[in-house]
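Given next are the chains, with one letter for each unit.
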There are 2 protein chains.
Amino acid sequence: MEYKEYIEKFFNQGHKHYLSHISIDCVVFGFHENELKVLLLNMKNLNSWVLPGGFILKDEEMETAVKRILTERTGLTDIFLHQFQTFGGLSRSSFTVPELFFKNLQIKKDSWMFDRFISVGYYALVEYSKVKPIPDILSEKCEWFNVHDLPELAHDHRHIFDEAWQSLRFWINHYPIGYNLLPEKFTMPDLQKLYETILDRKLDRRNFQRKMLATGILNRLNEVKPGVAHKAPYLYTFNIAAYEKTLKTGFGFAL
Amino acid sequence: MEYKEYIEKFFNQGHKHYLSHISIDCVVFGFHENELKVLLLNMKNLNSWVLPGGFILKDEEMETAVKRILTERTGLTDIFLHQFQTFGGLSRSSFTVPELFFKNLQIKKDSWMFDRFISVGYYALVEYSKVKPIPDILSEKCEWFNVHDLPELAHDHRHIFDEAWQSLRFWINHYPIGYNLLPEKFTMPDLQKLYETILDRKLDRRNFQRKMLATGILNRLNEVKPGVAHKAPYLYTFNIAAYEKTLKTGFGFAL
DNA sequence: CCAAAAGTGTTAATATTACACCCATGA
DNA sequence: TCATGGGTGTAATATTAACACTTTTGG
């Protein structure tokens, strides 16, 4: 049984390969059908949902670890990442699980996995349609959830999610967003929906467009969105050079 | 020799008490004579300056650890803290030191202190005049430096400092500041100097005053600063209730 | 009595918000 | 042809920036 072996090795030997006491938790945001989504995992045998996460190899950059973890969960490379907070609460977890989880498993009582962890929180922005959610070895399901309709989360993951979303809301008032969340070509209404969804409030159509165009990060194409009812909206792409530049400098406006 | 014993115990036994692979680095800001200051330590035997830092006890909240560390360095309790970033670079340090540091010391080659560390960065705001800088066991000196005139820092501490200052600059555009950096009674020019020093640019006297008063976090006293040449400025205190409230909600203006 | 610093108010510029009309399209 | 959503411009308001005169005081 490959699973059994893997788990046992992970619990009993993992500390030889990974930094102990340190974990990574990721809040992966996607945008689909005008809804902001988050990727969650359902742990095997336990019926609990958790954020995707993992550990840092001893000879691995922290950010490389995050990318590795997220590539495993989503199939994507080149993911936008933002480190938003590190969680150090004493009671935040320890990997406490009911006995049944370990039936048939030979796991040492002093496994590194039962130690206390400090967790570094990252949020990621990904293009929903390109993601192939892949459960990890400990989990059964990997699914998208609407941010307004999350299941109960284990440990302090609800808190981590809340902090991530808040951080994201703050971020988009200062830095451009969308390149990582939208398809290559998108419409102004698409972009506005994205902002509205993240900020969780309505924005004025005309003012939004004016501000966005003023940032200079958009290219309007000589195409309109095909196959829509009513007047077809223009398609846009991001002006990557300007976008990247603004990612560094920030623009100072509030939507 | 107490020092020798302590160091040996710390290097050889510390992993039993502290979380391995995790450190804390603090950027302690003070304000004195219209200069923004940072507290640095000079390591014994090495002539290198570092940020104050430390480790987390296995049964200690992370924030409690930071407070403990800073109380040891400054003599203060109740310090304003802000976690600004976590540093996970592979090459960021490891505690590499020249051989001479270990002359006469019996330290195991596999001491936890030679492992790789992920470091959680906090900045602290303290009232300069109340601080009694106290070196730690590994260091010889603990001194204030003007932020514009820092010595060379070991490891990636210059980078950590830069990120802290940047984070602080960002912070003060959204949240009140000063309660932890100024004496209880202060003048409007004092407060302005503080802002100017942190932001590293001049502000308009009149507009500054208007905005500050508009926030409602200040109480003007019926006293003026004694013993000054020229017209004496009013003294202010912070309205703690309003200050604390604004610390949570933030005010949205840019200086 | 004057230089130097502090207190205060007004005006101009800019940014933000609110709002209304026309256009294109598929049903 | 009409209901729906998209494109655009302008006026009102709020915020920010620029700026000048008066007051106080120690030397």
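Values in this document were obtained by computation on a predicted structure and should not be read as measured data. (Residues numbered from 1 in each chain as written. Chains lettered and ligands numbered in written order. Predicted model: local features only at pLDDT ≥ 70, side-chain atom pairs only at ≥ 80, totals over all residues. Heavy atoms only, no water.)

On to the protein's contact with DNA strand D, then. Around DNA strand D lies a shell of 21 residues, among which Arg206(A), Gln209(A), His230(A), Lys231(A) and Arg206(B) are the nearest. Protein-proximal atoms of DNA strand D, defined as those within 4 Å of the protein, fall in sugar or phosphate at a share of 39%. Between DNA strand D and Arg220(A), the relevant distance is 2.9 Å, taken from a phosphate oxygen to a side-chain nitrogen or oxygen of the residue. At 2.7 Å from a base oxygen of DNA strand D is found a side-chain nitrogen or oxygen belonging to His230(A). The set of elements that each furnish at least two residues to the surface near DNA strand D consists of α5 (205–215) of chain A together with α5 (205–215) of chain B. Sorting elements by how many residues they give to the surface near DNA strand D places α5(B) first, with five residues. Split by residue class, the surface near DNA strand D holds six nonpolar, four polar and 11 charged. (Near = heavy atom within 4 Å. Polar contact = N/O pair within 3.5 Å; in protein donor to acceptor, adjacent residues only side chain to side chain. Helix = DSSP H or I, 4+ residues; strand = E, 2+ residues; numbered from the N terminus. Nonpolar A, V, L, I, M, F, W, Y, C, P; charged D, E, K, R; others polar.)

This part takes up the packing of aromatic side chains. All names here are of chain A. Summed over the entire model, instances satisfying the criterion amount to 51 aromatic pairs over all chains. With centroids separated by 6.3 Å and ring planes inclined at 45°, the aromatic side chains of phenylalanine 29 and phenylalanine 161 adopt a geometry described as tilted. With phenylalanine 29 in strand β1 (residues 18–32) and phenylalanine 161 in helix α3 (residues 157–171), this pair connects stretches of sequence that are 132 residues apart. Of the two residues, phenylalanine 29 and phenylalanine 161, neither departs from the other in class, the shared state being buried. The structure contains a cluster of three or more aromatic residues connected by ring pairs, namely Tyr6, Phe10, Phe11, Tyr18, Phe55, Trp112, Phe114 and Phe117. Directly above the ring of tryptophan 165 sits arginine 169, whose terminal nitrogen or CZ lies 4.8 Å from the centroid. (Phe/Tyr/Trp six-rings, centres within 6.5 Å; stacked < 30°, edge-to-face > 60°. Buried < 20%, exposed > 50% of the residue type's maximum accessible area, 1.4 Å probe, protein only. Lys NZ or Arg CZ within 6 Å of the ring centre and 35° of its normal.)

A few words on the relation of the copies chain A and chain B. Mapping chain A onto chain B is achieved by rotating through 180° and translating by 0.0 Å along the same axis, at an RMSD of 0.1 Å. Both copies of the chain, as the preceding transformation shows, are related through a two-fold rotation axis. Comparing contact sets, 100% of the residues at the interface of chain A also lie at the interface in chain B, consistent with an isologous, same-surface contact. (Least-squares fit on C-alpha atoms with pLDDT ≥ 70 in both. Contact = heavy atoms within 4.5 Å.)

Moving on, we come to the pattern of salt bridges. Using the criterion set out here, one finds 20 salt bridges over all chains in the structure. As a salt-bridge pair, Glu196(B) and Lys202(B) come within 3.7 Å of each other at their nearest N and O atoms. A residue is classified by how much of its surface remains accessible, and Lys202(B), at 71% relative accessible area, is exposed. Look at the salt bridges and you will find they share partners, linking Glu60(A), Arg68(A), Glu72(A) and Arg73(A) into a network. (Salt bridge = Lys/Arg side-chain N within 4 Å of Asp/Glu carboxyl O.)

If you look at the interface, chain A gives 24 residues, while chain B gives 24 residues. For chain A, the biggest contributors to the area lost against chain B are His21(A), Leu90(A) and Arg116(A); these three give 24% of the whole. Counting across the chain A and chain B interface gives zero salt bridges. Along the contact surface separating chain A from chain B lie 12 residue pairs in polar contact (both at pLDDT 80 or more). (Buried area = accessible area lost by both parts, 1.4 Å probe.)

Residues and elements named next belong to chain B. Viewed as axis vectors pointing N to C, helix α3 (residues 157–171) and helix α4 (residues 188–199) meet at an angle of 130°, and their least axial separation amounts to 9 Å. Relative to α4, α3 is oriented oblique. Handedness of the α3/α4 crossing: left-handed. Every residue of α4 that contacts α3 at Trp165, Leu168 and Arg169 is listed here: Thr197, Ile198 and Leu199. Across the contact of α3 with α4, the residue classes break down as four nonpolar, one polar and one charged. (Axes fitted to C-alpha atoms, helices over the stretch in contact; angles between N-to-C directions. Parallel < 35°, antiparallel > 145°, perpendicular 65-115°, else oblique. Left-handed = near helix turned anticlockwise from the far one by under 90°.)

What follows covers the domain arrangement of chain A. Residue and element names in this part refer to chain A. Annotation of chain A at the domain level lists domain 1 (2–158) and domain 2 (188–249). The centre of domain 1, based on its C-alpha atoms, is set 33 Å off from the matching centre of domain 2. Surface buried jointly by domain 1 and domain 2 totals about 510 Å² across both partners, of which 72% is contributed by carbon and sulfur atoms. Looking at the side of domain 1 facing domain 2, the largest losses of area belong to Phe31, Asn34 and Leu36, adding up to 72% of the total buried there. At the surface where domain 1 touches domain 2, the tally comes to zero salt bridges. Seen at the junction of domain 1 and domain 2, the total is one residue pair in polar contact (both at pLDDT 80 or more). Within the side of domain 1 that touches domain 2, the residues separate by chemical class into three nonpolar, two polar and one charged. (Domains from an automatic or database assignment.)

Quick look at the side chain of Glu196(A) now. Its location among the elements puts Glu196(A) in helix α4 (residues 188–199). Among all residues touching Glu196(A), those that are not within four sequence positions of it are Arg201(A), Lys202(A) and Leu203(A).

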